[in-house]
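Reading the structure
This is what each chain is made of:
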Amino acid sequence: MEKIEITLNINDNPYEVMIYPNDTLLDVLRDKLDLTGSKESCGEGVCGSCTVHMDGKPVRACLTLAMEAQGAKIKTVEGLANVDELSNLQQSFIDHGAVQCGFCTPGMLMSADALLRENPNPDEKAIRKALAGNICRCTGYAKIVQAVAHAAQPQDDCCDCKSKE
Amino acid sequence: MSDHLFVGKSVPRTIEADKVTGRAIYIDDMKRPGMLYGKILYSKYAHAKIKSIDTSKAEKLPGVRAVLTGYDIPDARVGFLKDQTVLKKDVVRQFRDEVAAVAAISPEIAEEACRLIEVEYEQLPGVFDPFEAMKEGAPLVHEVDARGRPTKSNILPLPWKFNAGDIEQGRKDSAFTVKDTVSTTWVNQCCMGTSGCIAEFDQNNNLTLYNQTNVIFGHVGRISEYFAQIGLKGKKIRIVNAIVGGSFGTKLDTDIYEFISIQLALKTRKPVKILFTREEEFKALPPRQPAIFDIEQGCDKEGNLTFRKVEAVLDNGAYTSWGATTPSVMLMPMSSLYRVPNVFFQATCVYTNNIYCQAMRGYGNPQATFAVETSMDTLAEAAGIDPLEFRMINRNHPGDETPMRLKITSCGFEECINAVKEKLNWSEKKGTKKGRGVGMASLIHVAGGARVTRSDGHGIMVKVNEFGQVDVIESGTDQGQGSPTVITQIVAEALGVRPEDISLTFGDTALALWDAGTHASRHTFMAGNAAIMACEKAKRQILDMAVEHMPKIIKGGFKRKKRKDPDFVEPDLDYGLIADPEDLDIRDRMIFAKKNPDHPHFRIPVSQILREGLLGSGESKVVVAEEFYDPPTEMLDREFKGNLSQTYAFGTSGVEVEVDEKTGEVKIVNLVAAHDVGKAMNPTLLLGQIYGAAYTGVGYGLTEEIKVVNGRVMNPGFRDYQMLTAMDVVPVEPVVVEPGDEDGPYGAKGVGEPGLVPTAPAIANAVYDAIGVRIKDLPITPEKVLAALKERGDVC
């Protein structure tokens, strides 16, 4: 198989990269571009740890060929924060204890971020549906769901995150 | 204790900002210069002779740097009973047997090379059921033991037999007795980050192993034993942890792939990384130990337990890891969950050609508690006593010494049961049937360390620089549980600084002092106690400096003022207030006089004193303190008795379920998880542990099962292994009981594992309350519910 050169637009930066036609977007992000925030946990599109955005839609980077991503605006977890400032969603994940081992977190954030762009006021059911393809072993999901709800509609007394003083 | 600035507060975890931005470096993300990738070829059969291995094609593949088989490396034996070699030769005993390994310049080439290795096998009869394996004439999984002596049976030479009191007397004292057979199956830990490591040798054959273990010094011990067998005795071993993508027990033992990466690195003289695929995680990593229990219990007319007799059989698989030691933890609920005077427990571990097992959150406790709590319900029913009332009668009390000689100190058991009663509205809901029901189960677990090795200690080092910044060299690990943040809170509180002043370094054997491991829910308790002691020492060093420098700094300030303002009159201060370090304290970065905390002049930033004391004129100093906390506990004696933990956790889960009698599906309507945690050090992190553990417990109860057929794992992926997702809504209502523990740091006890332990039996008991059939074999799948209803004659 011959390598080909493609250009990818990732987090608003152009990357020229030599790839094999069967390289997945996840392989290219992680191994060729050192954007290791996107994680591989199952490699078969079930767990959602590798979720990135293509033109604003969440996709599984492990099931997406890098070639397919040409011409699209790709966003990864590395592109969620504005240089120094975390996004509301990222901050909310921290405040609510939605992160434990953190391996599912990049994918969770990307799925949740895509939801909030589509639906700024999701109810719990919509949040759970949007996260249904993202597996987490540590948290039991409760605090992740709270974090997303809070990022959508910050409330002073939304949950136990406010027990801190 | 209400004046704490940081303890008891939901201080956010320090590492989280890296985790939400993709900066956190897991083993997956680590690369070393010149690094090669290792892959393993596993057996094709559950039991077979290896006739020949031909690696020539694999070796010729461009990019391959080494191909190893068991015939290329020393016959060193590893594992708890030293019953396996790293690469297998002559005989394979399970599908996951490692037959060959390849190092190549990419994982793809290494995988391709594995496919090119030709192995000729001669199949042998296998045995896949522990009861079959115990029969005379069953195929022997091991023809010889670790020392080369012929074996006669598949039963492991492990002495798991416990006796306290007199079972026969207990029977005589009983008005009611019940017998149940209860079983649990294999479940996978399902860490989202898969297993992996990088082995790297220097020119002198000293090893650095980039890793994700939670027992860093245990790793050093096991690898040095291995080194002694392969001609590397005395070589240095350093374990350096990456950020860990979950552990749940998987990183307790040193696994075979780690020894393989070491061998490949030795052969190639390059760093070699092995990273498991998800399929390998299911097929080639030891899961939770399954067990089958015959349990018999009795009580008198008043409902007081009279005896408990349990015989367990454990399918050990082909080799031993920590799965074979789970009976040591099973003993705890068997002998000490509820007051029971006469106890017999025996566990028989049996070799089969199935996968072998290791630790998972709770160790053997979830299995054993499923047995005890199923039996508690059947016995309550036989005695005609409400199951909640029955448990209240038999609950443990502060001050009890159990038949295993566990000394119960703080114990919020009664509060936990009462919380379930109230929150579930137990009295109204119990026994209404019609597909809806309530059930409960409780737990006891170690919560103040667990002396399973001779030292149960934990070392910590605290050093403070001239800016008042604190480096804490911690010997524990963070697999996501968050206890390092709790340690940060404790250091901030005990030293008088702020959490943001503190940097924690952990998971590196070259830096850390010895520790028994971040396991057994012990980290907060052990490291917390060690941290308080170390901070007291460091604080004393700072206060000694303060005594020396505070008067000078204050007087110097007055002199400067006077230079600027000739009318300034130096106040007449009682410097006696700050003349003794005992009279000073530090809080929130300020040093002050204890006798007059608001004194206008005797309050000085700690960084000012440190700059003066560390870098100023006169004798140079450092502020550094180390401490080692080893609790006053006992190892279990020959009879398996002894107070192995400094305190114990108690908790009760109450569950309300709705069972669809047409589909057999069980829906959790409410799950109350009441836990005696001593003291909630960080409420958000604590609740994270309770929610997460309860959820994994629900999976254990209802959906999760590694399907093993004739030794082969049939569902090695998330598609077919039924983990709960965000769509499986389980309303968990945590109740935090805080009696305070006099031996715990600021009153805290361990809480990492307990949440999982009572969940599955509480569900099973609720299912029984809902539909009147009792499922005694986990998980409680719709198929099993329907089959049980059919047997009862309710469903055609």
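Residues numbered from 1 in each chain as written. Chains lettered and ligands numbered in written order. Predicted model: local features only at pLDDT ≥ 70, side-chain atom pairs only at ≥ 80, totals over all residues.

1. Quick look at the overall build of chain B
When helices and strands are tallied, chain B shows 19 helices and 30 strands. Looking at chain B as a whole, 60% of its 796 residues qualify as buried. Within chain B, contacts between residues at least 6 apart in sequence are counted, and of these 80% link residues at least 24 apart. (Helix = DSSP H or I, 4+ residues; strand = E, 2+ residues; numbered from the N terminus. Buried ≥ 20, exposed ≤ 12 C-beta atoms within 10 Å, placed from the backbone. Contact = placed C-beta atoms within 7 Å.)

2. Examining the interface of chain A and chain B
Chain A puts 48 residues into the contact, and the matching count from chain B is 45 residues. Of all elements in the fold, only α2 (88-95), α3 (105-118), α4 (124-130) and α5 (142-152) of chain A reach the threshold of two or more residues within the side of chain A that touches chain B. Of all the elements, α2(A) adds the most residues to the side of chain A that touches chain B, at four residues. Residues belonging to the side of chain A that touches chain B are distributed by class as follows: 22 nonpolar, 14 polar and 12 charged. (Nonpolar A, V, L, I, M, F, W, Y, C, P; charged D, E, K, R; others polar.)

3. Here's the deal with the sheet that holds strand β17 (residues 342-351) of chain B
Residues and elements named next belong to chain B. Strand order in the open sheet made by the five strands is β9-β17-β16-β15-β10, with mixed pairing throughout. Two strands bound the open sheet, and with one partner strand each, they are β9 (161-164) and β10 (176-184). On average, each strand axis in the sheet is tilted by 10° relative to the strand beside it, whichever way the strands run. In the sheet, β9 pairs with β17 via four bridges, with the strands oriented antiparallel. Bridge assignment links F162 to a residue of β17, and that residue is F345. Sheet contacts for helix α9 (residues 326-336): β9, β16 (305-317) and β17; angle to β17, the most-contacted strand, approximately 155°. Seen against the sheet, helix α10 (residues 365-383) touches β10, β15 (291-299) and β16 and runs at an angle of roughly 150° to β10. (Pairing = 2+ DSSP bridges. Axes fitted to C-alpha atoms, helices over the stretch in contact; angles between N-to-C directions.)

4. Remarks on unusual backbone geometry
Residue and element names in this part refer to chain B. Note the cis peptide between L778 and P779, where omega equals -5°. You can see P779 is positioned in the loop between α18 (759-771) and α19 (782-792). Residues other than glycine seldom take positive phi values, yet D90 does so here, at roughly 70°. A residue is classified by how many C-beta atoms lie within 10 Å of it, and D90, with 11 of them, is exposed.

5. Quick look at the sheet that holds strand β26 (residues 648-659) of chain B
Residue and element names in this part refer to chain B. Read across the sheet, four strands follow the order β18-β26-β27-β30 without closing on themselves; strand pairing throughout is mixed. With one partner strand each, in any of the chains shown, β18 (436-446) and β30 (732-737) form the two edges of the open sheet. Recorded for the sheet is a direction-independent mean angle of 15° between the axes of neighbouring strands. Note that strand β27 (residues 666-676) and β30 share six bridges and pair parallel. Within the sheet, the bridge partner assigned to A674 lies in β30 and is V735.

6. Some details on helix α1 (residues 25-32) of chain A
All names here are of chain A. Residues L25, L26, V28, L29 and R30 constitute the buried set of α1. For α1, the elements touching its buried residues are β2 (13-19). Just past α1, the residue D34 takes up positive phi, approximately 55°.

7. Description of the packing of helix α17 (residues 683-702) of chain B against α18(B)
Residues and elements named next belong to chain B. Taken N-terminus to C-terminus, the directions of α17 and α18 make an angle of 50°; their axes are 7 Å apart at the nearest point. Of the possible angle classes, the one that applies to α17 and α18 is oblique. The hand of the α17/α18 crossing is right-handed. Each of A694, G697, V698, Y700, G701 and L702 in α17 lies in contact with α18, whose residues at this interface are T759, A760, I763 and A764. Considered class by class, the residues forming the contact of α17 with α18 number seven nonpolar, three polar and no charged. (Parallel < 35°, antiparallel > 145°, perpendicular 65-115°, else oblique. Left-handed = near helix turned anticlockwise from the far one by under 90°.)

8. Overview of the domain arrangement of chain B
Residue and element names in this part refer to chain B. Each domain of chain B was delimited in the assignment, giving domain 1 (31-124 + 195-275), domain 2 (291-452 + 636-792) and domain 3 (457-629). Placing the centre of domain 2 and that of domain 3 at their C-alpha centroids yields a distance of 43 Å. Each partner contributes to the interface: domain 2 provides 22 residues, whereas domain 3 provides 15 residues. Contributing elements (two or more residues each) for the side of domain 2 that touches domain 3: β18 and α17. Looking at the side of domain 2 that touches domain 3 element by element, the count peaks at three residues for α17. For the side of domain 2 that touches domain 3, the per-class residue count stands at 11 nonpolar, nine polar and two charged. (Domains from an automatic or database assignment.)

9. Some remarks on the packing of α10(B) against α18(B)
Residue and element names in this part refer to chain B. Contact pair α10 / α18: the axes reach a minimum separation of 8 Å and the direction vectors enclose 30°. Relative to α18, α10 is oriented roughly parallel. Two packed elements cross with a definite hand, and for α10 against α18 that hand is right-handed. Contact with α10, carried on its side by P366, T369, F370, E373, T374 and D377, involves A760, P761, A764, N765 and Y768 of α18 and no other residues of that element. Considered class by class, the residues forming the contact of α10 with α18 number six nonpolar, three polar and two charged.

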